[in-house]
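# Residue-level structure breakdown
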Amino acid sequence: MLSHKLHRNLLPLYAQNHFGNEKLAISVLVTPLANEDGVLIRILDYTGLVKRENQIRFNEKLLRLEKDFLSRAPDLSESITEYVEALTSKVNRLPHPFCIQTAVMVNDHFVRFLDPHHPIPYKAVESIILSRTIEQAIDEIHALKDDLGAHFHPLMLMREGKIAGYAAFLSEQDTRANPIAHKNRLRIVDLINNLIEWKANFEQLHFLANNDVLTGLLNRGALNSEFHQAAQQCDAFALLFIDLNKFKAINDQHGHYIGDKVLQKIAAKIKSTLGPNDLAFRIGGDEFAVLCRHTNDACQM
């Protein structure tokens, strides 16, 4: 009874730091003194032990999440936007005081994964990314956290040297008083950054292995694969070959720069005529091919 009353009257205890009061994890032990009138009160502070244990558990969960998403990155059936959406959801389930929201840029447009219950000024961040140099954008995005109550971090694709999106961290707590939370926030940003770049690298490698860089069409290797697949799965298909006449004269007379522009225009023209089951390929310098799947109608082709 005495121990219960002391706990109720003494606890909780706080320790002062530069940012305010920090609640301590303590235990009060009350021992009656033998042959004496009185009791011995011992206060055990195990705050540091609790912090270390919580950090160990957080680190374990962070490592498991990283392993999971590293293994998912080569799966090209999952787009980078689906990947980031799933990653954002998983990161928010980690034991931390933040509500994390992300956005990634796809074809110069932002795809956002926001929480409607915790609105953020995303337009201000996106305006900075689109209108500033990379160095200016990074500085201004970091500066936004003081004015708008959220911590913003740019997400970088280091290989390409560009900003791929941003992450916003909101918390009902003043995390400045919690250096562990601050460090974990930076670790989460690094994790999201690294995983997005890992996924983007796989998509880029797949594109380079299967596409012609100049025109964006599929390449000869992709034609071999798609042809064999069509032969096995399609009841009817056709393969058209297109060769440009006198293309060498264009290169000789106007230079390779103009020649490349001609190839890009031809590729765009071919793509504009494709049906929903058609695929276009550049298989040589001035040679193209079109695979028409599920058709053998000459008029339609």
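Residues numbered from 1 in each chain as written. Predicted model: local features only at pLDDT ≥ 70, side-chain atom pairs only at ≥ 80, totals over all residues. Heavy atoms only, no water.

Our next topic: the confidence of the model for the protein chain. In the predicted model, the protein chain carries a mean pLDDT of 86, and 90% of its residues have values of at least 70. No element of the protein chain has a lower mean pLDDT than helix α1 (residues 2-10), at 54, and none a higher one than helix α3 (residues 80-91), at 95. (pLDDT = per-residue confidence, 0-100. Helix = DSSP H or I, 4+ residues; strand = E, 2+ residues; numbered from the N terminus.)

What follows is about unusual backbone geometry. Its identity as a non-glycine residue notwithstanding, Asn-107 has a phi of 55°, on the positive side. Mapped onto the fold, Asn-107 is located in the loop between β5 (99-106) and β6 (109-113). Although it is not a glycine, Asp-108 adopts a positive phi angle of roughly 65°. Mapped onto the fold, Asp-108 is located in the loop between β5 and β6. The class for Asp-108 is exposed, based on a relative accessible area of 63%. (Buried < 20%, exposed > 50% of the residue type's maximum accessible area, 1.4 Å probe, protein only.)

Leu-65, Ile-188, Ile-192 and Ile-196 are the most contacted members of the largest nonpolar core, which totals 28 residues. Secondary-structure elements contributing two or more residues to this core are α2 (47-72), α3, β5, β7 (151-157), β8 (162-170) and α6 (179-210). Considering each element in turn, this core owes the most residues, eight residues, to α6. The contact partners of Leu-65, leaving out residues within four places of it in the chain, are Leu-87, Lys-90, Val-91, Leu-94, Leu-191 and Leu-195. Counting residues in hydrophobic clusters, the runner-up holds 17 residues, among them Cys-99, Ile-128, Phe-152 and Met-156. (Core = buried A, V, L, I, M, F, W, Y, C linked by side-chain atoms within 4.5 Å. Contact = heavy atoms within 4.5 Å.)

Our focus in this paragraph is the side chain of His-153. Here His-153 shows up in strand β7. The class of His-153 is buried, set by a relative accessible area of 8%. Among the polar contacts listed, one links the side chain of His-153 to the side chain of Arg-185, at a separation of 2.8 Å. For His-153, the contacting residues outside a window of four places in its chain are Ile-141, His-142, Gly-165, Tyr-166, Ala-167, Phe-169, Arg-185, Leu-186 and Val-189. (Polar contact = N/O pair within 3.5 Å; in protein donor to acceptor, adjacent residues only side chain to side chain.)

Opposite charge on two side chains makes pairing possible when the charged atoms of those side chains draw close. Taken as a whole and assessed by the stated rule, the structure comprises eight salt bridges. With a shortest N-O distance of 2.9 Å, Arg-132 and Glu-140 are connected by a salt bridge. Overall, Arg-132 belongs to the partly exposed group, its relative accessible area being 34%. A residue is classified by how much of its surface remains accessible, and Glu-140, at 28% relative accessible area, is partly exposed. Among the salt bridges present, the one from Arg-293 reaches Glu-226, with a minimum N-O distance of 3.7 Å. Here Arg-293 is found in strand β11 (residues 287-293), whereas its partner Glu-226 is found in helix α7 (residues 220-233), with 67 residues between them in sequence. (Salt bridge = Lys/Arg side-chain N within 4 Å of Asp/Glu carboxyl O.)

Applying the stated rule across the entire model yields five aromatic pairs. Arranged with centres 5.6 Å apart and planes meeting at 70°, the rings of Trp-198 and Phe-202 form a pair that is edge-to-face. Here the residue Trp-198 and the residue Phe-202 both occupy positions in helix α6, the gap between them amounting to four residues, near one helical turn. With a relative accessible area of 39%, Trp-198 lands in the partly exposed category. (Phe/Tyr/Trp six-rings, centres within 6.5 Å; stacked < 30°, edge-to-face > 60°.)

Our focus in this paragraph is the environment of Gly-149. Looking at the element boundaries, Gly-149 is found in the loop between α5 (134-148) and β7. By relative accessible area, which is 56% here, Gly-149 ends up exposed. A sequence separation of 23 residues divides Gly-149 from Glu-172, and the C-alpha atoms of the two residues are 9.8 Å apart.

Moving on to the pairing of strand β3 (residues 26-32). Of the pairings in the sheet, the one linking β3 to strand β4 (residues 39-45) comprises seven bridges and is antiparallel in character. Within β4, the residue paired with Ile-26 across the bridge is Asp-45. Taking the residues between adjacent antiparallel strands as the criterion, β3 and β4 are bridged by six residues, where Asn-35 takes a positive phi near 60°. (Pairing = 2+ DSSP bridges.)

So, on to the environment of Lys-246. Considering the arrangement of structural elements, one finds Lys-246 in the loop between β9 (237-243) and α8 (247-254). For Lys-246, a relative accessible area of 72% corresponds to the exposed category. For the pair formed by Lys-246 and Asp-286, sequence separation is 40 residues and the distance between their alpha carbons is 9.6 Å.

Taking strand neighbours across the sheet as the criterion, the three strands line up as β9-β11-β10 in an open arrangement whose pairing is antiparallel. Among the strands making up the open sheet, the edge pair consists of β9 and β10 (278-282). Averaged over all pairs of adjacent strands, the angle between their axes in this sheet comes to 15°, without regard to strand direction. Strand direction decides the pairing type here: β10 and β11, joined by five bridges, are antiparallel. Directly across from Leu-279, in β11, lies its bridge partner Leu-291. Each of β9, β10 and β11 is contacted by helix α9 (residues 256-272), which is oriented at about 10° to β11, the strand it contacts most. (Axes fitted to C-alpha atoms, helices over the stretch in contact; angles between N-to-C directions.)

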